[in-house]
Amino acid sequence: MSSNDFDSSDDLTDLDKDYVVPAKTTKRKKQALEQSLLPRRQRHKAALSATPGSPSSPISSPPEASQQQHSSQGTRHSSPGPRARPGNSGARGISADDIYKAVTSGKTAIVVVVDEWMDSYKQSRETGLLVLINFIVQSCGCKGEVSRDMLDSMPNADIIAKLTKQFDMDSATYPLSTPGPMQKKIKAGLCEFTRILVRSCGSRVIYDEYLFPSVLSLLTGLTDSQVRAFRHTSTLLAIKIMSGMTEIVVTVSLQLHPVQRHYDKEKSKQTHEQDARRLEDLQAGIKELQEKKEELLSMTNTAFRGIFVHRYRDKLMEIRAACMEELGVWIKTDPENFLNDGCIKYLGWMIHDKQSLVRLKCVRSLQPLYQKKEFIGRLELFTSRFKERLVNMVMDVDPEVAVETVKLLLLINQGMEEGLSEKECANIYPLVYSSSRILASAGGLFLYKKLKSLIDSEKQSGNIVGFFQILISFHIQSEFHNHGTYLVDSLWDVAGSELKDWETMTTLLQQEAGLMDEEEGALIELMICVIRQAAEAKPPVGRVSAKKALNMKEKKIQEQDRRHITTHFIPLLPQLLTKYSADAGKVKLLLQAPLYFNLAMYSSVHWMNKHLDQLLSQICEIVEKHTDTAVLEACSRLFSVLCSDRYAFSSRARLIFSQLVDSLTECFSTYFNDLLQGTADDDVYSAATALKRIAVLSSARDLTAWRLFDSCIHLLESRMESRDLDEELIVSALRCSAWHLMWTNENVRHSAPTEEELRCLSKEVGSFCDICQGCLCVDQAEIRDEAFQLLCDLLCFYSSNHVHNDSTLQSLYYLPNDFLRTELANFLMDYIFSDSDIVATEDEHEEEIALLQKKRLQLAGYCRLVLVRVLDYEAATDIFKHYHMYFRDFGDIIKETILKMWDIGHVTCARTLCLSMQQLFSVMLMEEDVSRQDIGKIRDLARMFAVNFGPDLLRARKPLLALHMDGIEFAFRVQQEGEEESYPNVAFLEILSEFSLKLPEQEQTQLSTYLKAQCPDAALSWKAVKVYQSSLGGRASARPRLESAGSMGAVTPQSAQAAKRRKTTAQGSSSSTVESSWLESGNLPSHLSTPALTSTVQKHPATQPGPREDVILESDVGSNLTESEDEFSSGSQMRKVNLSRRLPSSIGQQSSTLDPKELNTQLTLLSLIEEDAAEQEVDEYESDSSYTLPSTRHSTSVMDELFDSSPAHI
């Protein structure tokens, strides 16, 4: 088959559309019906004469095989000879109800049930067939029953029509749609029953030309039904029967091969040596097996063309998925007949399906095919046609589909000679940085196999050095992400043993002429990431593992790895620090290694004591040598761990730390007077660097004993007066002073201070806050940001929450004055809620991210001040009113603040939210050019606020009531304009209507009364008031935005439905274009433009019941199509088949000739069929979607850290 067969595409774009099947039988089906009434041999000859050499069948079969089409609505195959009509033989054998209960309950062995039915069938074929048919009907959930008279006298189409009328109207579910685990149990039982039934009939019954032709004929008709239960169940049973037949075909083929071999061997003998009788027996056996195979292939081909070709593109997702799954089984089981372009093309088409389940089944069906080398040659055309699509599917929105696609691409790359190009592999490599761990692990497996293949190609198999060299090169050249932690975690499951080869890594680092400088930095980064992964055994931030806890075996491995890391790196770490002591980046990474050691081994093993002294000495040298903040913070963290009281060697570490601080303090004191006078620049640099080191070390240990606070305050005061602001010096002095006050606060809590000490401490806090207040106004951004952050931390430490438990510490409670509050609010508005000046270029992207992270920390600090009541709740309005505008950057922080304030006080939180909207509304009125978009933004904000009230309406009753009452009072606030009174805020009622939907009915009535009492009589006719009143009319009928669109004209349900079908979306804010009747009230400037209709109106149309004839029926896709399976349109894009034009005429013709009784029956039939007119088609896959990278913005741990009451620097 040529590549044009792949380009010919069925209708796949309207998989979720309804298709209409006229009630009359099509011409194709009538012809099939006439053929089915002929005897088998005549039908066989007629089919061969009608379609000589027809290539339409995708299943390759012998030339003598029948190519007839199986009628889906015809009668059953008649058996040869007269049929006996036994009496009430159904009472003697098993019944359909017995089979159904056994299959669905799972309490009875299916083999026993099939054996009992086989006994019944052997006694009476008609009775056995009737029992099986009724079991199929009952499995569909239908309460009807097929009688003997119906089976003998009625065609399948009439039987199905009668069963449809008898369908249960009380329940919309059927066995295969049962919710919960019962659905899987029923499906498994039906599949198992079908498999055992076909296998039991494989020796003789399947060839009787009665049972399976009759069953497949009925199933074909049911699959064409418009009732979902019939279509779903019958399709599943039919394709499972085909799977069983495929196994029998393979068995017959295996039986045919030895017989044919013996015949050929006997035939090859000379004439006088041949055994004529044996040749005759062998020839008869070959003929019998070939006839069996032809008959099975004929039934399989008929079912394939009559069922699969139409149902693989069914509207129901489960049917499409089941077809793709079974097609993979057929191809794998019988590649001789199914592994061809005519069959495998369906898998290629359906990987474009909108539902992820269907795409998943397609990919999983393709995986076994590429695992067998003998299949690779027959898959070349398919691979060349659909490889591009498969490469794009690694970005699928469903991680499971993406994972299976990566595995499939790995098989293609390994099995085929050409495999994947480097450009195609480059689309898969970035998956190792995905936030989904299963997808990242799949990407890691692909990368690992690629690295191993490169090593094997260079004939370096087993060379671990080559593995690290290639991995280092990949890490350096990877421009998609620069975090080695995620790369190591992705490779951990497949390359853990190679990554934990510490000896090789340290040997490469110790070599003098080994790696280049950049390569050494990459190797050190990867080594530290591997150490962290082995010691902690958990994924990095932003990547969640499916496993919640480690089992005993994994914990044992973790402990062994940690012990091995400790014993290996303790003697080598000082050597590495010595070698790279001048490189700040490498030293910063190496100082993280001891944090993952088992540090107790320093004191438990005697020979390791000297290595501890070497490590402490190296840390001190690094502190004295470097001024980089990241390096100093790494030293500070390490000192904090080594000086901990839980280790026996902590006294030695504290002694070294004290000696280091003494030397730094002495250096600072030496140049302190020169700093106050501002004499020499060199002195300033030396003192500033010493003070910077002291400030960083203050975060690790308590340095209050060195009494540096007074010196820092004097230095800050003198510099602020002279305006000689050296950024590094001022920032270091601020940090040192703040840490002194916070450590003092901590010491006071655990001691008995005198009143004089408390008074002095309170005075020190006030003086420091005054200095920070002055720093908030300076031009240097570094000083300004540091002062704001330290103020937020210090005010939280000295808030009422920290001192209210101890009466002796009440004097330490520091409340900022009005000037300081104003400065904090101004900083919030000027430097946090402001657009960044940094251009988002590729080179400056990291700088933009760092700036955003700094702003988030500052906003979280301000939010903490509100939550601990340092600032009034009214100060939170400056935060809340930016919730909508800055939702992408700060939405999680603001939402967390709202929720925490809600926990503190429901009513207070609601009134604060209302005050935020009032402030925005007042600012809007003061602007000269007031547009409709302005009030739309406030409505969007109100809608986002309303979501935070939660689903518990009883809990939100009082808060919502208080919010509405405050809003009503604000709306009718009188403004004097000369002698006249005006109400400029009345339009605020439209914003307030966004909260009406969550009000209980009692509160709605109460608010209606309150509204009438507050507003003047003339205001009741204003549009804004009417909109608000309509929103209080009840939750079910509340449509304030639809009412507000009245001034533009009525919106008909037909127009709203048409808009849905067009899938139009409003540009910009959904509420920014809402029709505003408040413009007509005359209270606002008249130059506001009249907006267009909104998408909100389209979402909630006032639908009216239309005539039943307008209901679009759900139908299959293929029952009305007369073209054969290879009459597809060209092109890779799927075309749409529009059958809606046939619907009105066909229904109209039927309805005009129906009497009332028949019309009632027709309406009953329509009620059984799903109506999917309002169902939106959302494409789950976007080919241009970007990769999902690990993010900490919405991480719970990060939010807890941001809102921790302790300082952000700790």
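Everything below is about the structure printed above this text.
Quick look at the structure, then. For every chain, the first residue of the written sequence is number 1, and numbering continues from 1 along that sequence. For this predicted model, a pLDDT threshold of at least 70 governs which residues receive local features, and a threshold of 80 or more governs which side-chain atom pairs are given and counted, while totals over whole chains, interfaces and linings are taken from all residues. Excluding hydrogens and water, the side-chain values take into account all heavy atoms of the structure.

Considerations on the overall build of the protein chain
Here a helix means four or more residues in a row that DSSP labels H or I, a strand means two or more in a row labelled E, and each is numbered from the N terminus. A count of helices and strands for the protein chain gives 54 helices and two strands. Burial status follows relative accessibility: with a 1.4 Å probe on protein chains alone, a residue under 20% of its type maximum counts as buried, one over 50% as exposed, and anything between as partly exposed. Burial statistics for the protein chain: of 1210 residues in total, 52% are counted as buried. Within the protein chain, contacts between residues separated by at least 24 positions form 76% of all contacts whose residues are at least 6 apart in sequence. Methods summary: accessible areas were calculated by the Shrake-Rupley approach with a probe of 1.4 Å, and residue burial reflects only the protein chains presented. For the protein chain, the computed accessible surface area is about 56100 Å², with 50% contributed by carbon and sulfur atoms. We call two residues in contact whenever any of their non-hydrogen atoms come within 4.5 Å of each other.

Quick look at the pattern of salt bridges
Salt bridge, as applied in this entry: a Lys or Arg side-chain nitrogen positioned within 4 Å of an Asp or Glu carboxyl oxygen. Using the criterion set out here, one finds 43 salt bridges in the structure. Among the salt bridges present, the one from R437 reaches D493, with a minimum N-O distance of 3.3 Å. Taken as a pair, R437 in helix α21 (residues 437–457) and D493 in helix α23 (residues 484–499) lie far apart in primary sequence, 56 residues in all. Taking relative accessible area as the criterion, D493 reaches 51% and is therefore assigned exposed. For D561, the salt bridge goes to K500, with nearest N and O atoms at 3.1 Å. Note that D561 is positioned in helix α26 (residues 552–579) and K500 in the loop between α23 and α24 (502–510), a separation of 61 residues in sequence. Since its relative accessible area comes to 14%, D561 is described here as buried.

Notes on the packing of aromatic side chains
For this analysis, a ring pair means two rings from Phe, Tyr or Trp (six-membered ring only for Trp) whose centres lie within 6.5 Å, classed as stacked if their planes differ by under 30 degrees, edge-to-face if by over 60, and tilted for the remaining angles. Applying the stated criterion across every chain, the model contains 36 aromatic pairs. A centroid spacing of 6.1 Å and a plane angle of 65° characterise the contact between F304 and Y346, whose relative ring orientation is edge-to-face. Within this pair, whereas F304 is found in helix α12 (residues 276–311), its partner Y346 is found in helix α15 (residues 341–350), the two being separated by 42 residues in sequence. The same class applies to F304 as to Y346, namely buried. On the basis of an interplanar angle of 15° and a centroid distance of 4.2 Å, the ring pair of F788 and F827 is categorised as stacked. Placement of the pair is F788 in helix α37 (residues 781–797) and F827 in helix α39 (residues 818–832), with a sequence separation of 39 residues. A residue is classified by how much of its surface remains accessible, and F827, at 2% relative accessible area, is buried. What links up through ring pairs into an aromatic cluster is the set F304, F308, Y312, W330, F338, Y346 and W349. For a lysine, the NZ atom is tested; for an arginine, the CZ atom; a charge sits over a ring if that atom is within 6 Å of the ring centre and within 35 degrees of the ring normal. Here R385 stacks its cationic end above the ring of F386, 4.7 Å away from the centre of that ring. In this arrangement the basic side chain of R869 is found over the ring face of Y873, its NZ or CZ atom lying 4.4 Å from the centre.

Quick word on the state of the cysteines
By disulfide we mean two sulfur atoms from cysteines, separated by a distance within 2.5 Å. This structure, assessed with the given rule, holds zero disulfides. For C775, which is in no disulfide, the shortest distance to another cysteine sulfur is to C772 and amounts to 5.9 Å.

A look at the nonpolar core
Residues belong to one nonpolar core when they are buried, are Ala, Val, Leu, Ile, Met, Phe, Trp, Tyr or Cys, and are joined through side-chain atoms within 4.5 Å. Counting 334 residues, the largest nonpolar core has W117, L734 and F972 as the members making the most contacts within it. Sequence-distant contacts of W117, defined by excluding residues within four places in its chain, comprise I94, I99, G128, V131, L132, L197, C201 and L211.

Quick word on α12
For an α-helix the count is 3.6 residues per turn, leaving residues at separations of three or four pointing the same way. How far a helix is expected to stretch is found by multiplying one less than its residue total by 1.5 Å. Counted at 1.5 Å a residue, the expected span for α12 with its 36 residues is 52 Å, and the 51 Å between its end C-alpha atoms agrees. Note that the bend at a residue is defined as the angle between axes fitted to the seven residues ending at it and the seven residues starting at it. The largest bend in α12 is about 35°, located at F304.

Examining a negative patch on the surface
Only residues whose relative accessible area exceeds 30% and that form no salt bridge are eligible for patches; like-charged ones are grouped when within 9 Å, while nonpolar side chains (Val, Leu, Ile, Met, Phe, Trp, Tyr) are grouped when within 5 Å. When charges are tallied, Lys and Arg are placed among the positive residues and Asp and Glu among the negative ones, while His and the ends of the chain are skipped. Charge positions come from single atoms, namely NZ of Lys, CZ of Arg, CG of Asp or CD of Glu. Taken together, D98, D115, E116 and D119 make up a surface patch of like negative charges. Looking at the negative patch element by element, the count peaks at three residues for helix α5 (residues 110–123). Among the structural elements, D98 can be located in helix α4 (residues 96–105). Note on D98: relative accessible area 38%, which makes it partly exposed.

Some thoughts on helix α42 (residues 887–904)
The principal kink in α42, of about 25°, is found at I893. Of the positions making up α42, those classed as buried are F890, G891, D892, I893, I894, T897, I898, M901 and W902.

Let's talk about unusual backbone geometry
Even without being glycine, R723 reaches a positive phi, approximately 55°. Here R723 lies in the loop between α34 (709–722) and α35 (727–749). The backbone of R869 sits at a positive phi, close to 65°, despite the residue not being glycine. Relative to the helices and strands, R869 resides in the loop between α40 (845–867) and α41 (877–880). The class of R869 is partly exposed, set by a relative accessible area of 42%.

Keep in mind that these numbers describe shape and distance, not what the molecule does.
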